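# Reading the structure
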Amino acid sequence: VIYFSTAYVVGIKEKDYITEDEPFSREFKNWYEWSKAEGEKIVLDYYKRYLLPIVIVRPTIVVGADSAYGFYDTFKLITERRFWFFPSNGSNKIHLVHINDVIDMVVRVAESKSSNGQIYNICGDIIYNSKQLFDFVYKYLGVTQPFIKIPRKIVMFSKKMFICRIILNNFPLEILDYFIYNQTYSNKKITSLIGNRCYSDPLDGLKLILDSYSCKK
């Protein structure tokens, strides 16, 4: 059994190269992260109690064709020029992983006899900060970038206000958290299992989402 979790089961923890041994947090960005963490507990319980063969994989933010959640909403705000500010200062790193790398790594983990009962981060070596990613998206969409930078504390406070949801046209505000927190993950454990590999550039995967969005809008 391969359980697809998420690297963000560690919750809100600002660290670089977080490993699989990092304990669960008591504070999550959203219910999705919480549900994945609870799912992991159930899967591991079945492994320990019934010796059910399992592997838990934790992808970071997956980019590739039709990875729509959060991305389409963000692109729509940008093209409508509703995203008139830049959240935080842009230095926080966002760990994306190309869908091709996810598929390849998961298949190789599934084929390994030594992966039973293990947890693996699924992520590459190429990491961008939020400013670099926004630069790429704004340039692709042909939209002038906002010059206003709003400090993170103000963004965190504002998202609790109803007016913010109106201004951002019901944009899922939990997505903003991924723009303002700094979290990157280690892939040393999976590398020790499957060996070194050449990872795809996440920007190529992001471009596939942008291409898909442009065709559907």
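Look a little higher up for the structure.
Please read these numbers as outputs of a predicted model, since none were measured by experiment. (Residues numbered from 1 in each chain as written. Predicted model: local features only at pLDDT ≥ 70, side-chain atom pairs only at ≥ 80, totals over all residues. Heavy atoms only, no water.)

### Considerations on the sheet that holds strand β3 (residues 55–59)
Strand pairing within a sheet occurs via backbone hydrogen bonds; the two strands may be parallel or antiparallel. Overall, parallel pairing links the 3 strands, which are arranged β1-β3-β8 in an open sheet. Both outer strands of the open sheet, β1 (2–4) and β8 (118–122), are each paired with one neighbouring strand and no more. Averaged over neighbouring strand pairs, the angle between their axes works out to 25° when direction is ignored. Strand direction decides the pairing type here: β3 and β8, joined by 5 bridges, are parallel. Considered in β8, the bridge of P59 is made with I122. (Pairing = 2+ DSSP bridges. Helix = DSSP H or I, 4+ residues; strand = E, 2+ residues; numbered from the N terminus. Axes fitted to C-alpha atoms, helices over the stretch in contact; angles between N-to-C directions.)

### A few points about the side chain of K13
With respect to the helices, strands and loops of the structure, K13 is situated in the loop between β1 and β2 (15–18). In this structure K13 comes out as buried when scored by relative accessible area, which is 17%. A distance of 2.6 Å separates a polar atom in the side chain of K13 from the backbone oxygen of P23. (Buried < 20%, exposed > 50% of the residue type's maximum accessible area, 1.4 Å probe, protein only. Polar contact = N/O pair within 3.5 Å; in protein donor to acceptor, adjacent residues only side chain to side chain.)

### Comments concerning the side chain of T60
By the element assignment, T60 lies in the loop between β3 and β4 (61–63). In this structure T60 comes out as buried when scored by relative accessible area, which is 5%. Reaching out from T60, the side chain makes a polar contact with the backbone oxygen of H95 at a distance of 3.2 Å. With near-sequence residues (within four places) excluded, T60 lies in contact with A7, Y8, H95, L96, V97, I122, C123 and Y185. (Contact = heavy atoms within 4.5 Å.)

### What about the packing of aromatic side chains?
Inspection of the entire model under this criterion finds 9 aromatic pairs. Consider the rings of F71 and F75, whose centres lie 6.2 Å apart with planes at 40°: the pair is tilted. Taken together, the residues span about one helical turn, with F71 and F75 both in helix α2 (residues 71–79) at a distance of 4 residues. Taken as a pair, F71 and F75 share a single burial class, namely buried. Taken together, a centroid distance of 5.5 Å and an interplanar angle of 65° make the contact between F75 and Y213 edge-to-face. Placement of F75 in helix α2 and of Y213 in helix α9 (residues 202–216) is noted, with a sequence separation of 138 residues between them. Here F75 and Y213 have matching classes, each one buried. The lysine or arginine in question, K189, covers the ring of Y120, its NZ or CZ lying 5.2 Å from the ring centre. (Phe/Tyr/Trp six-rings, centres within 6.5 Å; stacked < 30°, edge-to-face > 60°. Lys NZ or Arg CZ within 6 Å of the ring centre and 35° of its normal.)

### A closer look at the packing of α2 against α9
In the contact formed by α2 and α9, the axes pass within 10 Å of each other and the chain directions differ by 65°. The hand of the α2/α9 crossing is right-handed. Residues F71, Y72, F75, K76 and T79 of α2 form the contact with α9, whose own contacting residues are L206, I209, L210, S212, Y213 and K216. Grouping the constituent residues of the contact of α2 with α9 by class yields 7 nonpolar, 2 polar and 2 charged. (Left-handed = near helix turned anticlockwise from the far one by under 90°. Nonpolar A, V, L, I, M, F, W, Y, C, P; charged D, E, K, R; others polar.)

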